[in-house]
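Listed here are the chains, written in short residue letters.
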Amino acid sequence: MSLCFICSCCRYRGFILLLTFLFYTAYHLSRKPISIVKSELHRNCSLVIRPAYLNITDNDTWCDWAPFDQVNYQTLFGVLDNSFLVAYAIGMFFSGIFGERLPLRYYLSFGMVMSGLFTCLFGLGYYWNIHSLGYYAFVQVMNGLMQTTGWPAVVACVGNWFGKGKRGFIMGVWNSHTSVGNILGSLIAGVFVSSEWGMSFIVPGLIIAAAGILCFIFLVEKPEDVNCSSPQHHIIQEYGETEPLLQNGNRSINGAVSTETPKIIQEHSEAISFYGALCIPGVVEFSLCLMFAKLVSYTFLYWLPLYISNVAHFQAKQAGDMSTLFDVGGIVGGIMAGLVSDFTGGRASTCCVMLIAAAPMLFLYNYIGQKSLGITIGMLLLCGGLVNGPYALITTAVSADLGTHESLRGNSRALSTVTAIIDGTGSIGAALGPLLAGLISPTGWNNVFYMLISADILACLVRNNATVVLTYKISNISGLNSLFWLLSVVMVTTCNRFTAHKLNSGSFFSQFLTRLVFKEIKGWCGRIP
């Protein structure tokens, strides 16, 4: 093989990495405006100068956009958030199946163009003077369904081009598109939010639609399409670059010494079933972990600007700009999580440590985060890194590792389905978080943060008998937070039963993420001479 040919393939890999980075940046860029515009749809009208030509009797809501001028405006915002997120969560489980069976280039292009259309339709409600909650909720539902085309497809595409080696770092850098998209979405929406908030949606909508056209023209789905060699996902090597994340039999997890002969498993072309993907070791554990991690991340995504506006009394644009610091921290956290997991070989351990550290940081941010500008900046960066680090690692490197797991026997068409299951389960938490925030926030922002801290701890739950502790805590938590704890207990119990059945362990006390952490530590101990 000539040197020029190898260089050409390397350029293709870099080009695909950049292209998919831009695509998913556009996806997140178009999701962000709603969180920025909320503080404009419902404002403190007593602080706004009323134009002389307006003859209005209601001085409290004259500057608000109906129907969000009501007392229950936070609940209405929660309806909008969940119209998108519930549709996204449900659609994600089907999106992976479609992604395995349809050309990724067509699938992504269609999704981005249609997502751009529905994002623009939300903004056009401003110019068409639409005040119907049903209209905005419908647009959010359709946009949520269209947005499901993105994640499974881009992860599958990147997984096709990159093997296991340094995947954590590469995908940690690559996954910064989530935070970059959030930052750009906040800044773009902030430019128009105080003058014509409709443009805060229309401009991002046009951007993602343009990205869809670029995808149709330039995306190369697989290395074989341009005569490049496909990366080997299943070569078994001691300390090897292509060693899979999780292994069966006598092989250990994440870098433990293998006692079997190196081999390459041949490629299969049949798409995996939904149940078959669920049975891959680690899929259920990481899916459940992501559900609670994403609950925290998306609550910040949709409610942080409003929280800053209410607590620190910033204007809508200032609150939006300040909220971008959380995403800047997320970029650093995602890259660090990838680096550490590559170095240690412990994906689960890295996630668990960061989630545990995030809980006290969220508590501190709520109580001292607004003391001064410097403390606010520092706490937002720190919380962003600890919250988004595990989220980034699971949705990228872990999903790609599991989608090319050894048990698949070389079936490369499982990656999109596995990614969709993990992210779809995570999206249940993403839908639950903003909904609960909308319901709980009228009782005080402290209760919202208690809910977020609880979710971080639940992401690292070890055993079902931990539900005894949770049940005890309910006696000390009132109102809707109790509902959250009860719902979490039911979800953990149900998933633990499924895991026990799947692993044929017969044990009611099956372990989750910490089961993988234990195996990783055991593998490290096996290396010590």
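Residues numbered from 1 in each chain as written. Predicted model: local features only at pLDDT ≥ 70, side-chain atom pairs only at ≥ 80, totals over all residues. Heavy atoms only, no water.

The condition that has to hold: UniProt positions are given in the numbering used here, feature names are shortened, and annotations may be inferred rather than shown by experiment.
Looking at an unreviewed UniProt entry, the protein carries the name Glucose-6-phosphate exchanger SLC37A2, with the source organism given as Poecilia reticulata. For the protein, the Catalytic activity (unreviewed entry) comment in UniProt is given as "D-glucose 6-phosphate(in) + phosphate(out) = D-glucose 6-phosphate(out) + phosphate(in)". The record held by UniProt for the protein lists under Sequence similarities (unreviewed entry) the comment "Belongs to the major facilitator superfamily. Organophosphate:Pi antiporter (OPA) (TC 2.A.1.4) family."

A look at the overall build of the protein
We apply this condition: For helices the rule is a DSSP run of H or I covering at least 4 residues; for strands it is a run of E covering at least 2, with both sets numbered from the N terminus onward. Here the term buried applies to any residue with accessible area under 20% of the maximum for its type, exposed to any over 50%, and partly exposed to those in between, with areas from a 1.4 Å probe on protein chains only. Any two residues having at least one pair of non-hydrogen atoms within 4.5 Å are treated as being in contact. Surface accessibility follows the Shrake-Rupley procedure with a 1.4 Å probe radius. Residue values consider only the protein chains on display as shielding.
From N to C terminus, the protein includes 19 helices and 0 strands. Each of the 529 residues in the protein was classed as buried or not, and the buried ones make up 59%. Sequence separation of 24 or more characterises 81% of the internal contacts of the protein that already satisfy a separation of 6 or more. If you sum the accessible surface of the protein, you get close to 20,800 Å²; carbon and sulfur atoms cover 67% of it.

Notes on the packing of aromatic side chains
Put simply, the rule is: When two rings of Phe, Tyr or Trp (its six-membered ring) have centres within 6.5 Å they constitute a pair, described as stacked for plane angles under 30 degrees, edge-to-face for angles over 60, and tilted for the intermediate range.
This structure, assessed with the given rule, holds 28 aromatic pairs. Look at Tyr-135 and Tyr-136: their rings are 5.2 Å apart centre to centre, the planes differ by 80°, and that puts the pair in the edge-to-face class. We note that Tyr-135, like Tyr-136, is buried. Ring plane angle 75° and centroid distance 5.1 Å describe the contact between Tyr-307 and Trp-445, whose orientation is recorded as edge-to-face. With a gap of 138 residues between them, Tyr-307 in helix α11 (residues 283-312) and Trp-445 in helix α16 (residues 445-458) connect regions that are remote in the sequence. For the pair Tyr-307 and Trp-445, a shared accessibility class is recorded, and that class is buried.

With respect to the environment of Glu-100
Within the fold, Glu-100 resides in helix α3 (residues 73-101). Taking the C-alpha atoms as reference, Glu-100 lies 7.9 Å from Leu-415; in sequence the two are 315 residues apart.

Observations regarding helix α12 (residues 316-344)
This is how it is decided: Residue count minus one, scaled by 1.5 Å, sets the expected span of a helix.
Counted at 1.5 Å a residue, the expected span for α12 with its 29 residues is 42 Å, and the 42 Å between its end C-alpha atoms agrees. Downstream of α12 by a residue or two, Gly-345 has a phi angle that is positive, lying close to 75°.

Concerning the side chain of Thr-148
As a reminder of what qualifies: As used in this structure description, the phrase polar contact means that two N or O atoms lie within 3.5 Å; if the pair is within protein, one of them must be able to donate a hydrogen and the other to accept it, and residues adjacent in sequence are counted only when both atoms belong to side chains.
Counting through the fold element by element, Thr-148 comes out in the loop between α5 (133-147) and α6 (150-161). At a separation of 2.5 Å, a polar atom in the side chain of Thr-148 contacts the main-chain carbonyl oxygen of Leu-145.

Digging into helix α8 (residues 177-192)
Between the first and last C-alpha of α8 there are 23 Å, a value that for 16 residues agrees with the 22 Å anticipated at 1.5 Å per step. When α8 is considered as a whole, its buried residues turn out to be His-177, Thr-178, Ser-179, Gly-181, Asn-182, Ile-183, Gly-185, Ser-186, Ile-188, Ala-189 and Gly-190.

Focus: the state of the cysteines
Counted only if it meets this: Disulfides are defined as cysteine sulfur pairs within 2.5 Å.
With the rule as written, the count across this model stands at 1 disulfide. Across the disulfide, Cys-9 is cross-linked to Cys-228 (sulfur-sulfur distance 2.2 Å). Handedness here is read from the sign of the S-S torsion; for Cys-9 and Cys-228, about -100°, the answer is left-handed. Pair noted here: Cys-9 is in helix α1 (residues 3-31) and Cys-228 is in the loop between α9 (199-218) and α10 (274-278), with a separation of 219 residues, a long-range link.

Quick word on the packing of α11 against helix α13 (residues 347-368)
Our working definition: Every angle, taken between N-to-C directions, lies between 0 and 180 degrees, and every axis is a line fitted to C-alpha atoms, over only the stretch in contact when it is a helix. An angle below 35 degrees is treated as roughly parallel, one above 145 as roughly antiparallel, one from 65 to 115 as roughly perpendicular, and anything else as oblique. With the far helix as reference, a near helix turned anticlockwise by less than a right angle produces a left-handed crossing, and one turned clockwise produces a right-handed crossing.
Their axes nearest at 12 Å, the elements α11 and α13 cross at an angle of 30°. Judged on the interaxial angle alone, α13 and α11 are roughly parallel. Every pair of crossing elements has a handedness; the one defined by α11 and α13 is left-handed. Facing α11, whose interface residues are Phe-286, Cys-289, Ala-293, Val-296, Phe-300, Leu-304, Tyr-307 and Ile-308, α13 presents Arg-347, Ala-348, Leu-355, Leu-362, Tyr-365 and Asn-366.

Considerations on the nonpolar core
We apply this condition: Nonpolar core, defined: a set of buried Ala, Val, Leu, Ile, Met, Phe, Trp, Tyr and Cys residues in which side-chain atoms within 4.5 Å join the residues together.
If you look at the biggest cluster of nonpolar residues, it comprises 124 residues, and the most contacted ones within it are Leu-108, Phe-300, Tyr-365 and Leu-452. Here the element with the most residues in this core is α11; it accounts for 20 residues. For Phe-300, the contacting residues outside a window of four places in its chain are Pro-305, Phe-326, Leu-362, Tyr-365, Phe-449 and Leu-452.

So, the pattern of salt bridges
Cut-off, in case you're wondering: Salt bridges are defined as contacts in which a side-chain nitrogen from Lys or Arg sits within 4 Å of a carboxyl oxygen from Asp or Glu.
All chains considered together, the criterion is met by 3 salt bridges. Here Lys-38 makes a salt bridge to Asp-81, at a shortest N to O gap of 2.7 Å. With Lys-38 in helix α2 (residues 33-41) and Asp-81 in helix α3, the pair connects residues that are 43 residues apart, well separated along the chain. Just as Lys-38 is buried, Asp-81 falls in that class too. A salt bridge links Arg-347 to Asp-342, with the shortest nitrogen-to-oxygen separation between them at 3.1 Å.

Overview of the packing of α6 against helix α15 (residues 415-440)
The axes of two packed helices give the description: the angle between them and the distance between them. Where α6 meets α15, the closest approach of the two axes is 8 Å, and the angle between their N-to-C directions is 135°. Of the possible angle classes, the one that applies to α6 and α15 is oblique. Between α6 and α15 lies a crossing of right-handed hand. Two secondary-structure elements touch here, α6 through Trp-151, Pro-152, Val-155, Ala-156, Gly-159 and Asn-160 and α15 through Leu-415, Ser-416, Thr-419, Ala-420 and Asp-423.

A few points about the side chain of Asp-81
Since its relative accessible area comes to 0%, Asp-81 is described here as buried. In this structure the side chain of Asp-81 is engaged in a polar contact, spanning 2.7 Å, whose partner is the side chain of Lys-38.

A few points about a nonpolar patch on the surface
For clarity, the cut-off: Grouping into patches uses exposed residues only, defined as over 30% relative accessible area, and leaves out salt-bridged ones; the cut-off is 9 Å for like charges and 5 Å for nonpolar side chains (Val, Leu, Ile, Met, Phe, Trp, Tyr).
A cluster of nonpolar side chains, namely Phe-15, Tyr-106, Val-113, Ile-213, Leu-214, Phe-216, Ile-217 and Phe-218, defines an oily patch on the protein surface of about 750 Å² accessible area. Mapped by element, the contributors of at least two residues to the nonpolar patch are α4 (104-127) and α9. Tracing the chain through its elements places Phe-15 in helix α1.

What about unusual backbone geometry?
That bond from Ala-66 to Pro-67 is cis: its omega, 10°, falls within 30 degrees of zero. Inspection of the secondary structure puts Pro-67 in the loop between α2 and α3. Positive phi outside glycine occurs at Asn-129, with the angle close to 55°. On the secondary structure map, Asn-129 appears in the loop between α4 and α5. Of note, Asn-227 is a non-glycine position whose phi angle comes to about 65°, a positive value. When you line up the elements, Asn-227 lands in the loop between α9 and α10.

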